[in-house]
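# Topology and contacts: notes
Residue-level listing of the chains:
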Amino acid sequence: MLILIGYSSRPEGLVMSRAILLFVVLLGGCAPGGRDIALSDINLSDMQTVRQIRDQLAPQDGIAFANYILRHHAKSASYCGKPLLDADGKEPATVGDAIDLAVRRDAMEQAALLASQAPKHPLQFAREEWDMLQRDRDIVIDTQTRLRSEFGDGASRHPEWASLEIRSAEIDRKLVAMQPTVFGAER
């Protein structure tokens, strides 16, 4: 029988930080397996306890649990910033839940990374260029509005105005030319 107890040192001496009793019975099934250990019963900041739990798990589960502690536990220095929640919006209750959620999150992040690195369809490039031209046109319009508010009717005689008009016409020509490519495929 293996008993794990987590302690924390405080100025007043060694005090039991949490009653962490994990019974591992080699021949019996009375004690919870590594995946069944409640996270609320253990001090996840105590790396010795974490190692002992990890050692009770299958190799892949042990890696996933260590990853949970390092990246997904809110008190970790390497915390990813997004809490792991199940479908009901609850935090993992057991080591097994933490492992499953960590594996699922890591798989989603890996899929997103692969998708971002995948070759883009020409239509995607056209839509991104369309969006960039829209932003450029908005900047030109904002600049013209600022000039109008600053100089009133004389804004069109301001030296910057002519270049804004040229840029606006150029953007409009590109948008008109791109419109069948960007929106033609959706019709």
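Please read these numbers as outputs of a predicted model, since none were measured by experiment.

Before going further, it helps to examine the nonpolar core. Judged by nonpolar contacts, the single largest core of 17 residues is most densely connected at Leu39, Ile42, Leu44, Ile53, Phe65, Tyr68 and Val95. For this core, the secondary structure elements donating two or more residues are helix 1 (47-56), helix 2 (59-72) and helix 3 (95-117). Grouped together as the second largest cluster of nonpolar side chains are twelve residues, Ala126, Trp130, Leu133 and Leu164 included.

What follows deals with the packing of helix 4 (residues 122-151) against helix 5 (residues 159-184). Look at helix 4 against helix 5: their axes get within 9 Å of each other, and the N-to-C directions meet at 155°. One finds that helix 4 runs roughly antiparallel with respect to helix 5. Judged by the twist between their axes, the crossing of helix 4 over helix 5 is left-handed. Each residue belonging to the contact of helix 4 with helix 5 can be placed in one class, and the counts come to 13 nonpolar, six polar and eleven charged.

Helix length check: helix 5 (26 residues) gives 39 Å between terminal C-alpha atoms against 38 Å at 1.5 Å per residue, within 8%. Its maximal kink placed at Met178, helix 5 deviates by approximately 45°, while the proline Pro180 follows within four residues. Those residues of helix 5 lying buried are Trp161, Leu164, Ser168, Ile171, Leu175, Met178 and Val182. Structurally, helix 5 contributes buried residues whose contacts are with helix 4.

Turning our eyes to something else, we now look at the pattern of salt bridges. Summed over all chains, the structure comprises twelve salt bridges. With a shortest N-O distance of 3.6 Å, Asp55 and Arg54 are connected by a salt bridge. On the basis of relative accessible area, Asp55 is assigned to the exposed category, the value being 57%. Between Arg167 and Glu170 there is a salt bridge, and its shortest N-O distance comes to 2.8 Å. Remark: Glu170 and Arg167 occur in helix 5; sequence separation between them is three residues, near one turn of the helix. Given a relative accessible area of 29%, Glu170 falls into the partly exposed group. A network of salt bridges, in which partner residues are shared, links Arg71, Lys82, Asp106 and Glu109.

What follows deals with the packing of aromatic side chains. Tallied over the entire structure, the rule returns one aromatic pair. Taking 5.0 Å as the distance between ring centres and 85° as the angle between the ring planes, the aromatic pair formed by Trp130 and Phe183 counts as edge-to-face. Here Phe183 lies in helix 5 and Trp130 lies in helix 4, a separation of 53 residues in the sequence. Classification of Trp130 as buried rests on a relative accessible area of 12%. The class of Phe183 is partly exposed, set by a relative accessible area of 28%.

Attention now moves to the confidence of the model for the protein. Low pLDDT marks stretches whose predicted atomic positions should not be read closely. Looking at the protein as a whole, the pLDDT averages 79, with 81% of positions reaching at least 70. Confidence drops under a pLDDT of 50 for residues 1-31, and excluding neighbours within four residues, the segment shows 44 contacts in the predicted structure.

Analysis parameters
- Counting restarts for each chain: residues are numbered from 1 in the order of the written sequence.
- The predicted nature of this model means local features are confined to residues of pLDDT at least 70 and side-chain atom pairs, given and counted, to a pLDDT of 80 or more, with totals for whole chains, interfaces and linings taken over all residues.
- Neither water nor hydrogens contribute to the side-chain values; these are computed over all heavy atoms in the structure.
- Among buried residues, those of type Ala, Val, Leu, Ile, Met, Phe, Trp, Tyr and Cys that are joined through side-chain atoms within 4.5 Å constitute a nonpolar core.
- Summary of the burial criterion: residues with accessible area below 20% of their type's maximum are buried, those above 50% are exposed, and those between are partly exposed, where the area comes from a 1.4 Å probe applied to protein chains only.
- By definition, any uninterrupted DSSP run of H or I lasting at least four residues is a helix, any uninterrupted run of E lasting at least two residues is a strand, and each is numbered from the N terminus.
- Working convention: axes come from line fits to C-alpha atoms, limited for helices to the stretch in contact. Angles between N-to-C directions cover 0 to 180 degrees.
- For classification purposes, an angle smaller than 35 degrees is called roughly parallel, one larger than 145 roughly antiparallel, one from 65 to 115 roughly perpendicular, and anything else oblique.
- Rotating anticlockwise by less than a right angle from the far helix to the near helix defines a left-handed crossing, while the corresponding clockwise rotation defines a right-handed one.
- Residues were grouped as follows: Ala, Val, Leu, Ile, Met, Phe, Trp, Tyr, Cys and Pro as nonpolar; Asp, Glu, Lys and Arg as charged; and all remaining residues, including Gly, as polar.
- Under the convention used throughout, the expected extent of a helix is 1.5 Å for every residue step, that is, one less than its residue count.
- To get the bend at any residue, fit one axis to the seven residues that end at it and another to the seven that begin at it, then take the angle between the two axes.
- Note on contacts: a residue pair is in contact if any heavy atoms of the two residues lie within 4.5 Å.
- What counts as a salt bridge is simple: a side-chain nitrogen of Lys or Arg found within 4 Å of a carboxyl oxygen of Asp or Glu.
- Centre distance within 6.5 Å is the pairing criterion for rings of Phe, Tyr and Trp, where only the six-membered ring of Trp is used; planes under 30 degrees apart are then read as stacked, over 60 as edge-to-face, and the remainder as tilted.
- Along the chain, pLDDT gives the predictor's confidence residue by residue, from 0 to 100.

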